[in-house]
2 protein chains.
Amino acid sequence: MTDLEQYLQTYFDFDQGDLVKVASFFKPEIVKKGEYYLKTGKLCQKLSFIQSGMLRIYVDLEDREVTQWICTQGYFVADLASLVFEKPARWNIQALADTTVYTIDKRDYDRLGEYIPRWPVTEKLFIAHCFTTLEDRVFSFLSMTAEQRYNLLFESHRDIFTQVPLQYIASMLGMTPETISRIRRKQLN
Amino acid sequence: MTDLEQYLQTYFDFDQGDLVKVASFFKPEIVKKGEYYLKTGKLCQKLSFIQSGMLRIYVDLEDREVTQWICTQGYFVADLASLVFEKPARWNIQALADTTVYTIDKRDYDRLGEYIPRWPVTEKLFIAHCFTTLEDRVFSFLSMTAEQRYNLLFESHRDIFTQVPLQYIASMLGMTPETISRIRRKQLN
DNA sequence: GAACATACTTGACCTAGATCAAGAAATCAG
DNA sequence: CTGATTTCTTGATCTAGGTCAAGTATGTTC
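All values derive from a computational prediction rather than experimental measurement.

About the criteria used
Numbers given to residues run from 1 along each chain, matching the order in which its sequence is written. Whichever chain is written first is A, and whichever ligand is written first is 1; the rest continue in order. Two thresholds apply to this predicted model, a pLDDT of at least 70 for residue-level local features and 80 or more for giving and counting side-chain atom pairs, whereas whole-chain, interface and lining totals are computed over all residues. As a rule here, side-chain values cover all heavy atoms of the structure and leave hydrogens and water aside. For helices, the fitted line uses only the C-alpha atoms of the stretch in contact; every axis is such a line through C-alpha atoms, and the angle between N-to-C directions lies from 0 to 180 degrees. Only DSSP runs of H or I covering at least 4 residues are called helices, and only runs of E covering at least 2 are called strands; the numbering of each starts at the N terminus. Each angle is binned into one of four classes, with values under 35 degrees roughly parallel, values over 145 roughly antiparallel, values of 65 to 115 roughly perpendicular, and all other values oblique. Left-handed describes a crossing whose near helix is turned anticlockwise from the far helix by less than a right angle; the clockwise case is right-handed. Note on definitions: a residue-residue contact is assigned when non-hydrogen atoms from the two residues lie within 4.5 Å. Think of it as three bins: nonpolar holds Ala, Val, Leu, Ile, Met, Phe, Trp, Tyr, Cys and Pro, charged holds Asp, Glu, Lys and Arg, and polar takes everything else, Gly as well. Three labels apply to residues, based on accessible area from a 1.4 Å probe with only protein chains included: buried if under 20% of the type maximum, exposed if over 50%, partly exposed otherwise in between. Any two strands between which DSSP finds at least two bridges are classified as paired. When we say a residue is near a molecule or strand, we mean one of its heavy atoms is within 4 Å of it. Polar contacts, as counted here, are pairs of nitrogen or oxygen atoms within 3.5 Å of one another; within protein the pair requires one atom able to donate a hydrogen and one able to accept it, and residues that are adjacent in sequence qualify only if both atoms are side-chain atoms. Note on ring pairs: Phe, Tyr and Trp rings are taken, using the six-membered ring of Trp, and paired if centres are within 6.5 Å. Classes follow the plane angle, with under 30 degrees stacked, over 60 edge-to-face and the rest tilted. Here, a charge over a ring is recorded when the distance from Lys NZ or Arg CZ to the ring centre is within 6 Å and its angle to the ring normal is within 35 degrees. By definition, a salt bridge exists where a carboxyl oxygen of Asp or Glu is found within 4 Å of a side-chain nitrogen of Lys or Arg.

Draft legend 1. Layout of the packing of helix α1 (residues 3-12) of chain B against helix α2 (residues 16-24) of chain B. Residue and element names in this part refer to chain B. At a closest axis distance of 10 Å, the pairing of α1 and α2 adopts a crossing angle of 130°. In this view, α1 runs oblique relative to α2, as classed from their interaxial angle. Taken as a pair, α1 and α2 cross one another with a handedness that is right-handed. From α1, L4, E5, L8 and Q9 reach across to α2, where they touch Q16, L19, V20, V22 and A23. Across the contact of α1 with α2, the residue classes tally to six nonpolar, two polar and one charged.

Draft legend 2. Examining the pairing of strand β4 (residues 54-60) of chain A more closely. Residue and element names in this part refer to chain A. Along β4, six of the seven residues are buried, which leaves the element largely enclosed by surrounding structure. Judged from the seven bridges that link them, β4 and strand β5 (residues 65-72) form a sheet pairing that is antiparallel. Pairing of I57 across the sheet is with W69, part of β5.

Draft legend 3. Expanded view of the protein's contact with DNA strand C. Of all residues adjacent to DNA strand C, which total 16 residues, the nearest are A146 and T179 of chain A together with L166, S181 and R182 of chain B. In the interface set of DNA strand C, defined as its atoms within 4 Å of the protein, sugar plus phosphate atoms amount to 65%. Within the side chain of R182 of chain A, a nitrogen or oxygen atom sits 3.4 Å from a base oxygen of DNA strand C. In this structure, L166 of chain B approaches DNA strand C through a main-chain N or O atom, which is 2.6 Å from a phosphate oxygen. Among the secondary structure elements, those contributing two or more residues to the surface near DNA strand C are α9 (177-187) of chain A together with α8 (166-173) and α9 (177-187) of chain B. Ranked by residues supplied to the surface near DNA strand C, first place goes to α9 of chain B with five residues. When the residues that make up the surface near DNA strand C are grouped by side-chain class, the tally is four nonpolar, six polar and six charged.

Draft legend 4. Layout of the packing of aromatic side chains. Applying the stated criterion across every chain, the model contains 30 aromatic pairs over all chains. Judged by centre distance (5.4 Å) and plane angle (65°), the rings of F49 of chain B and F76 of chain B are edge-to-face. With F49 of chain B in strand β3 (residues 46-52) and F76 of chain B in strand β6 (residues 76-77), this pair connects stretches of sequence that are 27 residues apart. Under the relative-accessibility criterion, F49 of chain B is labelled buried at 1%. Between the aromatic rings of Y150 of chain B and F161 of chain B, the centroid separation amounts to 5.4 Å while the plane-to-plane angle is 80°, which identifies the pairing as edge-to-face. Here F161 of chain B lies in helix α7 (residues 158-163) and Y150 of chain B lies in helix α6 (residues 146-156), a separation of eleven residues in the sequence. The exposure classification of Y150 of chain B matches that of F161 of chain B, with both residues buried. Among the aromatic residues, those joined into a ring-pair cluster are Y7, Y11, F12, F14, F26, F49, F76 and F126 of chain A. Here the guanidinium or amino end of R56 of chain A rests over the ring plane of Y58 of chain A, the centre of that ring lying 3.8 Å away. Here the basic side chain of R56 of chain B rests over the ring of Y168 of chain B, its NZ or CZ set 3.9 Å away from the ring centre.

Draft legend 5. Spatial organisation of the environment of T176 of chain A. Residue and element names in this part refer to chain A. Tracing the sequence through the fold places T176 in the loop between α8 (166-173) and α9. Spatially, the C-alpha atom of T176 lies 9.7 Å from that of A146, the residues being 30 residues apart in sequence. Polar side-chain contacts of T176 include one of 3.1 Å to the side chain of T179.

Draft legend 6. Highlighting the pattern of salt bridges. Considering all chains together, one arrives at 20 salt bridges over all chains under this definition. K106 of chain A is the partner of E86 of chain A in a salt bridge, and the nearest nitrogen-oxygen pair spans 3.3 Å. On the criterion of sequence distance, the pair formed by E86 of chain A in the loop between α3 (80-85) and β7 (92-95) and K106 of chain A in helix α4 (residues 106-115) is long-range, its members being 20 residues apart. By relative accessible area, which is 10% here, K106 of chain A ends up buried. Of the charged contacts in the structure, one is a salt bridge between R56 of chain B and E65 of chain B, with a shortest N-O distance of 2.8 Å.

Draft legend 7. Structural view of the protein's contact with DNA strand D. Near DNA strand D there are 16 residues, and of these L166, S181 and R182 of chain A together with A146 and T179 of chain B occur at the shortest range. The sugar-phosphate portion of DNA strand D accounts for 63% of its atoms within 4 Å of the protein, the bases making up the rest. Backbone polar atom of L166 of chain A to a phosphate oxygen of DNA strand D: 2.6 Å apart, as the coordinates give it. If you list the elements that add at least two residues to the surface near DNA strand D, you get α8 and α9 of chain A together with α9 of chain B. The dominant element in the surface near DNA strand D, judged by the number of residues it contributes, is α9 of chain A, at five residues. Among the residues making up the surface near DNA strand D, the classes are represented as four nonpolar, six polar and six charged.

Pasting the structure below:
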């Protein structure tokens, strides 16, 4: 079973038939380090599963850039708002390393319901799951210190910390790289 | 047309038949000032449209409470994660004033697809819309100062500021009431 | 309309985290 | 291997916003 099928089965509880059908719409695609999966202002017309590598979601402001999230192996990536509402993407999505993704085209994505009867339910759960992830994140900003947010991310996404420049991690946590450095030193005692 | 029908039409583009059908599942309910619409740990088995009044979504921590959002007239309210995934609610939802809502029971909600063929699409758009709202909010914490976040909320939800204790507004913005007080004074010049 | 509670403002002070600057490590290109 | 970039750490300093405490409004209740 491919990683994608594995993921689809674990998270969406598809039966064998649906699993193969859904997975068959996803085509492999390679995004080389530094290349863009998506650029701000374009339409996001695809959804991808990350087979290997990493993508950084960020936006350019006048004087700096803000990293919204770093997507790693085994997760999906897209500009959901752009994909669903067909409006220009807010985010740049750029490869931090050579990245292999399995991509489904929006056209196929929008037709999944024709092939998999329970797709609408599955899609709803998928988007609702994205929602709760963000809800947790908002809550972290309302209730936690920089150090607590750092620890939370470190526990849940340890892989990022070994492979991604600190400045990006800091930005997605809403702090500076220096602050992360100091948190680390402090935690060494 | 009721406010609920008005809302459903504006946001979901239902035709007249669907509109009436959907709206008929919502029953009026009154939550008196101070009473709870939902309590942390319970299952959220309903979704409501706020006809009048205000509800505060918050959670109790050991040493303080954190207000996640204040829901006002013309918006929907629920613990979405609890409603969709049938897990215990994270949030308390309490009336800040006598509040009239139109409520649809989860059982009816889950069956809307049987009556309105395009419900799955509509529901997806609804949840995706909730997602983008939170995405904007995360972005505000990553990119804005306290004053900028205050201004953003003030422009978009002016009604809250005249009717809700400052401490709750401050909490949902991730700052203290004193900070809001100082921002206000500063803006008077 | 007292008496009491709740909300808001203001000042004095403090601190988490930012900024700036300089080195030290690590990574990369040839 | 070597010089050039990029990243990471550390120190010195600064500042946005927090904390604490007091005073002033603004409600409620009887």
